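# Topology and contacts: notes
Residue-level listing of the chains:
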Amino acid sequence: MKLTVIGSGYVGLVTGVCLADTGNDVVGLDQDASKVEMLNRGECVIFEPGLGEILRSNMSAGRLRFTTDKPAAIRHGDVILIAVGTPPKDDGAPDLSAVYAVGDEIAASSDRPKIVVLKSTVPVGTGDELQARLDRQARVRCTVVNNPEFLKEGSAVADFQKPDRVIIGAADPEAAAVIAELHEPFIRNQRPVYTMARSAAEMTKYAANACLAARISFINQIANICDALGIDVNEVRRGIGSDSRIGFQFLYPGAGYGGSCFPKDTQGLIHVARRAGAQADLLESVHQVNLRQRRLLFDRISRRFAGGVKGITVAIWGVSFKPRTDDIREAPAVVLIEQLLGAGAAVRAHDPEALGNLEARFGDRIVYCASAYSALDGADALAICTEWNEFRSPDFEEMRKRMRRPIIFDGRNLYSLETMRRQGFEYFGIGRSGGSIAKAGPDKPGESPVAAKVR
Ligand SMILES: NC(=O)c1ccc[n+]([C@@H]2O[C@H](COP(=O)([O-])OP(=O)(O)OC[C@H]3O[C@@H](n4cnc5c(N)ncnc54)[C@H](O)[C@@H]3O)[C@@H](O)[C@H]2O)c1
């Protein structure tokens with residue numbers, strides 16, 4: 001099929017590359033000229049494992065190219081997939097201006113019937129509104145289909161190529177059949193394709209993300225209760241996760257969820273509910289718990305350095321919102337760095353892939369470190385925000401040598417309490433009695449550097 005993918009970000013690029021890889025003729029359209037130039041040179045503009053190789057092989061085969069030329073790109077595709085951003089506005093409602101702007105371009109430049117596929121995550125009713133605008137403005141029939149994307153950054157290619165399910169929201173059975181055909185190569189392992197009302201598809205995407213976000217906020221709240229009671233949440237997590245009705249996924253306590261989807265989509269669904277006059281109090285709590293959780297590391301650091309964090313140096317390991325991506329949108333590390341800088345601390349950060357994006361955000365306000373160990377030089381504490389593999393089994397002796405004080409605030413619960421005790425670190429995990437610092441008491445002025453104590 002001739003396809004146009006509008007938006008070459010985390011979703012659009014993966015979508016275009018994977019659909020070219022199954023033999024389609026794909027044009028990727030983006031308004032960002034520098035991104036398009038890089039892509040046309042075969043340079044992957046995001047870090048996503050495996051994506052660069054498939055990008056380049058499909059470009060070499062002539063099935064994939066990128067442009068900023070909107071009319072030409074829109075004329076190319078029989079199917080046009082919209083994957084532009086829908087970021088949150090100040091009030092939490094998603095900003096749909098890019099979606100509608102693209103719709104207007106499609107109406108203006110379409111010279112034959114088109115199927116217009118919304119892959120961007122949008123509130124219920126957006127497909128209807130887009131259809132109405134196209135009906136009003138286009139000279140040809142443009143049929144809107146909702147086909148939400150469920151890929152996870154860090155394993156996006158595999159997720160796209162082997163989806164758990166494909167959701168197609170369409171009023172028109174012929175358009176739905178075309179989109180099902182497009183996915184056919186990816187569902188050979190008998191994964192289901194669910195065709196449903198467009199609004200149900202829009203709701204399915206929101207409900208999926210809200211459900212995952214709720215699990216994370218749930219276990220974070222349980223972790224905080226465990227902290228208050230002196231219980232290790234890991235034991236509780238194992239105890240509940242092995243229940244086949246519950247499972248382990250998305251039940252890892254941490255420093256809150258981030259990324260461009262969960263925070264935005266939870267708030268988006270709250271807005272959808274309010275507009276419909278429905279209650280969303282559970283979702284509001286999920287969001288509030290997360291906002292609080294993302295402040296937890298800073299609160300712990302502040303309590304530990306009771307004289308104030310002004311003047312201390314904090315090393316940060318991991319700044320992307322999750323491992324295997326360079327995406328720092330809404331990342332807990334970014335929240336922590338803002339708080340630390342605001343309180344007068346110095347920050348030395350290391351991340352295997354996301355330092356470029358971090359530098360674009362913080363400029364010369366922090367120090368960027370090429371290795372995890374160099375980030376520790378002279379640090380009064382280490383805060384771990386992302387569970388990259390390289391942080392899992394570090395050389396603790398080397399760490400201790402480089403740090404001014406052997407204190408770890410572990411927002412991902414990477415290390416066993418026993419290891420920390422043996423290695424002589426003062427260690428604060430999430431839900432592992434780390435919150436009981438007040439009981440132990442912070443350093444008093446003149447107190448000797450911290451002993452090896454695990455709280
Ligand atoms: N990132 C994810 O993991 C993920 C997963 C599922 C769904 N989604 C949803 O997919 C959508 C896109 O997310 P993303 O993370 O890929 O965003 P992104 O910011 O990485 O990419 C969006 C791209 O669209 C381009 N763009 C914006 N307006 C445009 C316009 N008018 N014309 C042409 N190009 C334009 C931008 O330049 C950018 O390259 C969002 O609605 C998001 O919620 C994201």
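Keep in mind that this is a model prediction, so the values were computed, not measured. (Residues numbered from 1 in each chain as written. Predicted model: local features only at pLDDT ≥ 70, side-chain atom pairs only at ≥ 80, totals over all residues. Heavy atoms only, no water.)

### Let's talk about the pairing of strand β9 (residues 313–317)
Regular strands place side chains that alternate from one sheet face to the opposite one. In terms of residue burial, β9 counts as a mostly covered element, since five of its five residues are buried. Here β9 shows two buried faces, one formed by T313, A315 and W317 and the other by V314 and I316. Bridging between β9 and strand β10 (residues 346–350) involves five bridges; their strand directions are parallel. Paired with A315 across the two strands is R348, which belongs to β10. A crossover links β9 with its parallel partner β10, the connecting element being helix α14 (residues 332–342), and its sense is right-handed. Of the strand pairs in this sheet, β9 and strand β12 (residues 381–384) are connected by four bridges, and their pairing is parallel. Residue pairing across strands places V314 opposite A381, the latter belonging to β12. (Buried < 20%, exposed > 50% of the residue type's maximum accessible area, 1.4 Å probe, protein only. Helix = DSSP H or I, 4+ residues; strand = E, 2+ residues; numbered from the N terminus. Pairing = 2+ DSSP bridges. Right-handed = clockwise from strand over helix to strand, strands pointing away.)

### Digging into the packing of aromatic side chains
Counted under the stated rule, the structure contains nine aromatic pairs. The interplanar angle of 50° and the centroid separation of 6.1 Å between the aromatic rings of F250 and F262 together place this pair among those described as tilted. Of this pair, F250 sits in the loop between α10 (233–241) and α11 (262–275) while F262 sits in helix α11, and the two are twelve residues apart along the sequence. Judged by relative accessible area, F250 falls into the partly exposed class, the value being 26%. (Phe/Tyr/Trp six-rings, centres within 6.5 Å; stacked < 30°, edge-to-face > 60°.)

### Let's talk about helix α1 (residues 10–21)
Here α1 spans 17 Å end to end across twelve residues, near enough to the 16 Å set by a 1.5 Å rise per residue. Most of α1 is tucked away: ten of the twelve residues are buried. Downstream of α1 by a residue or two, G23 has a phi angle that is positive, lying close to 105°. (Expected span 1.5 Å × (residues − 1).)

### Section: the site of the ligand
Around the ligand, a shell composed of 26 residues is seen, among which D30, K35, T86, E153 and K264 lie nearest. A distance of 2.6 Å separates an oxygen atom of the ligand from a polar atom in the side chain of T86. For the ligand, an oxygen atom lies 2.6 Å from a polar atom in the side chain of K264. Against a free-state accessible area of 830 Å², the protein chains account for coverage of 89% of the ligand. Among the secondary structure elements, those contributing two or more residues to the shell around the ligand are α1 and α5 (97–109). In the shell around the ligand, the residues fall into nine nonpolar, nine polar and eight charged. (Near = heavy atom within 4 Å. Polar contact = N/O pair within 3.5 Å; in protein donor to acceptor, adjacent residues only side chain to side chain. Areas by Shrake-Rupley, 256 points an atom, 1.4 Å probe, with all protein chains shown as cover. Nonpolar A, V, L, I, M, F, W, Y, C, P; charged D, E, K, R; others polar.)

### Examining the sheet that holds strand β11 (residues 367–368)
Sheet architecture is open: six strands sit in the order β11-β10-β9-β12-β13-β14, paired in parallel fashion. Of all strands in the sheet, those bounded by a partner on one side alone are β11 and β14 (426–428). In the packing of helix α13 (residues 296–304) onto the sheet, contacts are made with β12, β13 (407–410) and β14, and the angle to β13 comes to roughly 155°. Running over the sheet, α14 touches β9, β10 and β12 and is turned about 170° from β9. (Contact = heavy atoms within 4.5 Å. Axes fitted to C-alpha atoms, helices over the stretch in contact; angles between N-to-C directions.)

### Considering the pattern of salt bridges
In this structure the tally under the stated criterion is 31 salt bridges. For D377, the salt bridge goes to R402, with nearest N and O atoms at 3.0 Å. Of this pair, D377 sits in the loop between α16 (372–375) and β12 while R402 sits in helix α17 (residues 396–402), and the two are 25 residues apart along the sequence. A relative accessible area of 33% places D377 in the partly exposed class. Relative accessible area serves as the criterion here: at 28%, R402 is assigned to the partly exposed category. For E398, the salt bridge is made with R402, and the minimal N-O distance between the two is 2.7 Å. Here E398 pairs with R402, and both are found in helix α17, just four residues apart, close to one helical turn. (Salt bridge = Lys/Arg side-chain N within 4 Å of Asp/Glu carboxyl O.)

### As for the environment of T266
Residue position: T266 is located in helix α11. Residue classification places T266 among the buried positions, given a relative accessible area of 0%. For the pair T266 and P49, spaced 217 residues apart in sequence, the C-alpha separation works out to 27 Å. Apart from residues no more than four positions distant in its own chain, T266 is found in contact with A213, Y257, C261, L283, V286 and H287.

### Focus: the packing of α14 against helix α15 (residues 355–362)
In contact at an axis separation of 12 Å, α14 and α15 are set at 40° when each is read in the N-to-C sense. Considering their axes alone, α14 and α15 lie oblique with respect to each other. Seen along the crossing, α14 lies across α15 with a hand that is right-handed. Judged by residue contacts, V334, I337, E338 and L341 of α14 engage L358, R361 and F362 from α15. (Parallel < 35°, antiparallel > 145°, perpendicular 65-115°, else oblique. Left-handed = near helix turned anticlockwise from the far one by under 90°.)

Geometric values such as these leave the question of function open.
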